[in-house]
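For reference, the chains in residue letters:
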Amino acid sequence: MSATVGLVLRVLFLVFLYAFLGLAVWMLWRSVVSKQAKRGNLAIPSLTLISETDGEPKTQTFASVEILIGRSQECDFVLRDSTVSSKHARLYYALNQWWFEDLKSTNGSFLDGIRVEEPIVVKDNDEIYCGDAIFTISIKPIEQ
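Criteria and cut-off values
- Residues numbered from 1 in each chain as written.
- Predicted model: local features only at pLDDT ≥ 70, side-chain atom pairs only at ≥ 80, totals over all residues.
- Heavy atoms only, no water.
- Pairing = 2+ DSSP bridges.
- Helix = DSSP H or I, 4+ residues; strand = E, 2+ residues; numbered from the N terminus.
- Buried < 20%, exposed > 50% of the residue type's maximum accessible area, 1.4 Å probe, protein only.
- Salt bridge = Lys/Arg side-chain N within 4 Å of Asp/Glu carboxyl O.
- Core = buried A, V, L, I, M, F, W, Y, C linked by side-chain atoms within 4.5 Å.
- 1 Å grid on protein atoms, 1.4 Å probe; cavity = no way out; pocket = protein on both sides within 12 Å on 5 of 7 lines; lining within 4 Å.
- Points joined across faces, edges and corners; volume = space filled by probe spheres on them.
- Phe/Tyr/Trp six-rings, centres within 6.5 Å; stacked < 30°, edge-to-face > 60°.
- Lys NZ or Arg CZ within 6 Å of the ring centre and 35° of its normal.

**Digging into the sheet that holds strand β4 (residues 77–78)**
Turning to step 1, where the next piece is worked out: Spatial ordering of the open sheet is given by β4-β3-β5-β6-β9, a layout of 5 strands whose pairing is mixed. Bordering the open sheet on either side are β4 and β9 (120–122), each of which pairs with just one other strand.
Turning to step 2, where the next piece is worked out: Sheet topology places strand β3 (residues 66–70) next to strand β5 (residues 89–94); 4 bridges connect them, and they run antiparallel. For Glu 66, the partnering residue across the bridge sits in β5 and is Tyr 92.

**Things to note about unusual backbone geometry**
Turning to step 1, where the next piece is worked out: Here the phi dihedral of Asn 96 falls at roughly 60 degrees; this positive angle occurs in a residue that is not glycine.
Turning to step 2, where the next piece is worked out: The backbone phi angle of Asn 125 is positive, close to 70 degrees, even though this residue is not glycine.
Turning to step 3, where the next piece is worked out: With respect to the secondary-structure elements, Asn 125 resides in the loop between β9 and β10 (127–130).
Turning to step 4, where the next piece is worked out: The exposed category is assigned to Asn 125, whose relative accessible area is 56%.

**Considering the pattern of salt bridges**
Turning to step 1, where the next piece is worked out: Overall, the coordinates contain 5 salt bridges when judged by the stated rule.
Turning to step 2, where the next piece is worked out: Here Arg 90 makes a salt bridge to Glu 101, at a shortest N to O gap of 2.7 Å. Separated by 11 residues along the polypeptide, Arg 90 in strand β5 and Glu 101 in strand β6 (residues 97–102) bring together distant segments of the chain.
Turning to step 3, where the next piece is worked out: Asp 126 is the salt-bridge partner of Lys 123, the closest N and O atoms lying 2.8 Å from each other.

**Description of the nonpolar core**
Turning to step 1, where the next piece is worked out: Among the nonpolar cores identified, the biggest contains 23 residues, and Leu 49, Ile 67, Ile 69, Leu 91, Trp 98, Phe 100 and Cys 130 are the most heavily contacted of them.
Turning to step 2, where the next piece is worked out: Elements supplying a minimum of two residues to this core: β1 (47–53), β3, β5, β6, β10 and β11 (133–139).

**A look at the layout of surface pockets**
Turning to step 1, where the next piece is worked out: Approximately 160 Å³ is the volume found for the second largest pocket.
Turning to step 2, where the next piece is worked out: Glu 101, Asp 102, Leu 103, Lys 104, Gly 108, Ser 109, Arg 115, Val 116, Glu 117, Glu 118 and Pro 119 are the residues that line the second largest pocket.

**What about the packing of aromatic side chains?**
Note on aromatic pairs: each is described by the distance of the centres and the angle between the planes.
Turning to step 1, where the next piece is worked out: As enumerated under the stated definition, the model contains 4 aromatic pairs in all.
Turning to step 2, where the next piece is worked out: Ring centres of Phe 62 and Phe 77 lie 6.3 Å apart, and the angle between their planes is 80 degrees; this geometry places the pair in the edge-to-face category. In this pair, Phe 62 sits in strand β2 (residues 56–62) while Phe 77 sits in strand β4, placing the two residues 15 residues apart along the sequence.
Turning to step 3, where the next piece is worked out: Given the relative accessible area of 8%, Phe 62 is considered buried.
Turning to step 4, where the next piece is worked out: A residue is classified by how much of its surface remains accessible, and Phe 77, at 0% relative accessible area, is buried.
Turning to step 5, where the next piece is worked out: Cluster of aromatic residues (ring-pair linked, three or more members): Phe 62, Phe 77 and Phe 135.
Turning to step 6, where the next piece is worked out: A cation sits over an aromatic face here: Lys 58 above Phe 77, 4.7 Å from the ring centre.

**With respect to the pairing of β6**
Turning to step 1, where the next piece is worked out: Most of β6 sits inside the fold, with 5 of its 6 residues counted as buried.
Turning to step 2, where the next piece is worked out: Two elements, β5 and β6, share 6 bridges in a ladder whose sense is antiparallel. If you follow Ala 89 over to β6, its bridge partner there is Asp 102.
Turning to step 3, where the next piece is worked out: The antiparallel hairpin formed by β5 and β6 contains 2 residues in its connecting segment, where Leu 95 sits at a positive phi of about 55 degrees.
Turning to step 4, where the next piece is worked out: Direction of pairing for β6 relative to β9: antiparallel, over a ladder of 3 bridges. Bridged to Phe 100 within β9 is Ile 120.

This is the structure we're talking about:
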């Protein structure tokens, strides 16, 4: 009888242990999700994109969390270049940093001469190539 009781107690202990671990992971996940949902309350450093098309500099400043870059009129930053895909890349603000991500474009994207294969952190004065189009990033720090 004592072996059966010991086995039941071990099984109960394991069930409670897994339930506790599951609850801890769930609470951590909820904490991260709630911080992302409240992101609108956080100050986001403004981002300015500077490109030169037809010999004229084009400057556009953004204060949103995500910026879509491409040839399509649906994009936030439109690049009129045949080597740029309709939705070529995106810039987004996460983890207190600006990130650049290529959206599986045909001609690829480069950050300061390095091919972008996965999301990468960008900094002030970085130069991005989307196809043959080139633009520079200017990040204005948050005023305290």
